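# Structural features, examined
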Amino acid sequence: MKILIVEDEKALLQSIANYLEKDGNVCETASTYEDALYKIDLYEYDLLVLDINLITGSGLDILKLLKKNKKETATIIISANNSLDDKLKGLDLGADDYLTKPFHLAELNSRIKAVLRRGKFGGTEQLEFNEISIDTRSRTAYIKDDAMALTRKEYDLLLFFITNKGRVLSKEIIAEHLWGDHSDMVDNYDFIYVHINNLRKKLTDAGAKYIKTAYGSGYKFMED
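Residue numbering note: each chain is counted from 1, following its sequence as written. For this predicted model, a pLDDT threshold of at least 70 governs which residues receive local features, and a threshold of 80 or more governs which side-chain atom pairs are given and counted, while totals over whole chains, interfaces and linings are taken from all residues. The basis for every side-chain value is the complete set of heavy atoms in the structure, and neither hydrogens nor water enter the calculation.

### A word on the domain arrangement of the protein chain
Residue ranges assigned to the domains are those given by an automatic or database domain assignment. As assigned here, the protein chain comprises domain 1 (2–121) and domain 2 (126–221). Each of domain 1 and domain 2 was reduced to a C-alpha centroid, and the two centroids are 26 Å apart. Listed per partner, the contact involves 13 residues of domain 1 and 16 residues of domain 2. Buried area: the sum, over both parts, of the accessible surface (1.4 Å probe) that disappears when the two are put together. Note on domain 1 versus domain 2: buried area summed over both sides is about 1,100 Å², and carbon and sulfur give 48% of it. When checking whether two residues touch, look at their non-hydrogen atoms; a contact exists if any pair is within 4.5 Å.

Structure, rendered in structure tokens:
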């Protein structure tokens with residue numbers, strides 16, 4: 001999943017990013033209120049890990065902005081403040097969970113997975129689209145019960161397509177989701193075509209038909 005971590009303690013920020021990336025997530029970071037606002041306005045994220053006690057602004061104001069703009073980004077608040085009032089404010093503004101510092105990174109990771117299961121995955125670790133199924137715990141995709149030999153990026157691409165089925169996804173959005181901040185460094189998006197072409201081949205005729213090219217716009221994953 002694509003995650004934005006907003007935290008002004010830079011050592012903690014980097015520790016969280018490193019830990020979550022090892023579990024297969026694409027992580028972007030923001031150490032200031034202003035940087036967080038900039039990235040949230042520019043990009044789409046599956047989940048936001050948000051420190052509400054930022055030096056340059058309040059994380060609660062970021063939550064208010066997400067709610068105002070009707071963003072569907074799941075949010076987990078992390079805070080050194082254990083007051084019930086702050087927890088209630090955050091949850092009332094749409095946060096999905098609240099974790100008090102200090103915490104174990106493994107607990108944060110487990111809470112992230114639980115929030116995503118409830119949201120994007122409908123409360124389950126098993127996603128299905130006709131003959132295609134994905135086990136998100138083992139990060140394995142199947143065609144008619146036969147496991148597919150996918151690279152990490154091919155798996156992430158297929159999961160992104162299925163959780164956004166019916167939506168036109170531009171090459172820019174796909175690149176941002178799979179490569180995060182690094183997507184800005186490329187001159188063109190030919191590598192997106194290569195990954196999609198490889199995924200189509202591995203899906204075989206049974207599943208490749210679901211990836212439609214929306215000419216001039218991007219790609220759409222939908223029923224034949």
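### Some words on the nonpolar core
Core analysis: the largest hydrophobic core is formed by 48 residues, its most contacted members being Leu158, Phe161 and Ile174. For this core, the two domains that each supply at least three residues are domain 1 (2–121) and domain 2 (126–221). Of all hydrophobic cores here, the second largest spans 20 residues; its members include Ile40, Leu60, Ile62 and Leu93. By nonpolar core is meant a set of buried Ala, Val, Leu, Ile, Met, Phe, Trp, Tyr and Cys residues that side-chain atoms within 4.5 Å join together. The cut-offs for exposure are 20% and 50% of the maximum accessible area for each residue type, with area from a 1.4 Å probe on protein chains only; residues under the lower value are buried, those over the upper are exposed, and the others partly exposed.

### Notes on helix α2 (residues 33–42)
Buried within α2 are the following residues: Tyr33, Ala36, Lys39 and Ile40. One side of α2 carries all its buried residues, which in axial view fall inside an arc of 130°. Facing away from the buried surface of α2 by more than 90 degrees, the exposed residues are Tyr38 and Asp41. Secondary structure counts use DSSP, requiring at least four H or I residues in a row for a helix and at least two E residues in a row for a strand, with both numbered from the N terminus. The inward-facing, buried residues of α2 contact β1 (2–6), β2 (26–30), β3 (47–51), β4 (53–54), β5 (57–58) and α3 (59–68). Arc, as used here, means the arc of the directions from the helix axis to the C-beta atoms.

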